[in-house]
Amino acid sequence: RTLAGLDAELIRCRACPRLVEWREETARAKRPAYRDWEYWGRPVPGFGPSDASLAITGLAPAAHGGNRTGRMFTGDRAGDLLYATLYELGLASRPTVTGPGDGLELYGVRVTSPVHCPPPANRPTPGERDTCRPWLAREFELLRPTVRSVVVLGGFGWQAALAALERAGRQVPKPRPVFGHGVRTTLAPADGAGDPLTVFGCYHVSQRNVFTGRLTAAMFREVLAEAARTAGL
Ligand code: SF4
């Protein structure tokens, strides 16, 4: 199996009735500013090369962001700081993104999510989070030969990513490490074969966190730069 094959399968998933309805309903109704867009309206796959050494995971795509453009963190404000910082660090081909056709390439970085469909009010239920977990776990399994660092944005994503990593064959300490900005934990492979992987906690790049100053550009750059260094980028 390849990541491209996994993505092709993922975009047909209809396992969560509430999220399927929401993604399709928002794609039909559209936001007035985007009425000329053909919304994606399907599960949003991870974006970036299949031999990435750094993975970044958030929570779920936004109804008028990823659900519109079909690409993670693209089309909503959360992506502004993410891609601008990746560009600054030499990990992206451009600082701003609009959607497919903008020429964005990521270098050694894969951006993904523990929930692949937009939830109402940006809140998936625990059941939806659990239903979607195997997709992220399989993505981590496929990235296993190369991935060395994972940056997890936000506390909800932290729990979900650790659970997916455990399912993907990583040893996660018990009790699970608690989320915090700047927290890091190193996970050995459960079968003892291969390299350890370091998980970094980071406040989410949400518009709210950036607007209130909870997460500044410097704070975000610091975590990403350290994760990239750890990944050998
Ligand atoms: Fe499938 Fe995940 Fe979307 Fe649920 S959230 S429908 S499991 S892709």
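Residues numbered from 1 in each chain as written. Predicted model: local features only at pLDDT ≥ 70, side-chain atom pairs only at ≥ 80, totals over all residues.

Looking at an unreviewed UniProt entry, one finds the protein chain named Type-5 uracil-DNA glycosylase, with Streptomyces castrisilvae as its source organism. Listed under Sequence similarities (unreviewed entry) in UniProt, the entry text for the protein chain is "Belongs to the uracil-DNA glycosylase (UDG) superfamily. Type 5 (UDGb) family." (UniProt positions renumbered as here; feature names shortened; annotations may be inferred.)

J.: Can you help me understand the site of the ligand in this one?
T.: Taken together, 15 residues form the shell around the ligand, and within it Cys13, Cys16, Pro43, Cys117 and Cys132 come nearest. At the level of secondary structure, the elements contributing two or more residues to the shell around the ligand comprise α2 (17-29) and α5 (126-143). Broken down by element, the residue count for the shell around the ligand peaks at four residues, all from α5. Partitioning the shell around the ligand into residue classes produces 11 nonpolar, two polar and two charged. (Near = placed C-beta within 6 Å. Helix = DSSP H or I, 4+ residues; strand = E, 2+ residues; numbered from the N terminus. Nonpolar A, V, L, I, M, F, W, Y, C, P; charged D, E, K, R; others polar.)

J.: Would you explain the pairing of strand β3 (residues 149-153) in this entry?
T.: On any regular strand, side chains alternate: one points to one face of the sheet, the next to the other face. In terms of residue burial, β3 counts as a mostly covered element, since five of its five residues are buried. Pairing of strand β1 (residues 54-57) with β3 involves four bridges; the strand directions are parallel. If you follow Leu54 over to β3, its bridge partner there is Ser149. (Buried ≥ 20, exposed ≤ 12 C-beta atoms within 10 Å, placed from the backbone. Pairing = 2+ DSSP bridges.)

J.: Looking at this structure, how should I read the pairing of strand β5 (residues 197-202)?
T.: Of all six residues that make up β5, five are buried, and the element is covered over most of its length. Pairing of β3 with β5, which is carried by five bridges, proceeds in the parallel orientation. Paired with Val151 across the two strands is Phe200, which belongs to β5.

J.: Quick question: what am I supposed to make of the environment of Pro118 here?
T.: One can find Pro118 in the loop between β2 (109-112) and α5. Residue Pro118 is classed as buried on the basis of its C-beta count, with 26 C-beta atoms lying within 10 Å. Residues Pro118 and Pro100, spaced 18 residues apart in sequence, show a C-alpha to C-alpha distance of 18 Å. The contacts of Pro118, once residues within four sequence positions are left out, are Trp22, Arg23, Thr26, Ala60, Pro61, Ala62, Ala63, Gly66 and Asn67. (Contact = placed C-beta atoms within 7 Å.)

J.: Any chance you could explain the packing of helix α1 (residues 3-10) against α5 here in plain terms?
T.: For any two helices packed against each other, one specifies the crossing angle of their axes together with the interaxial distance. Where α1 contacts α5, the two axes come as close as 10 Å, and the packing angle between them is 170°. Here α5 runs roughly antiparallel to α1, going by the angle between their axes. For the pair α1 and α5, contact is made by Leu3, Leu6 and Leu10 and by Trp135, Arg138, Glu139 and Leu142, respectively. (Axes fitted to C-alpha atoms, helices over the stretch in contact; angles between N-to-C directions. Parallel < 35°, antiparallel > 145°, perpendicular 65-115°, else oblique.)

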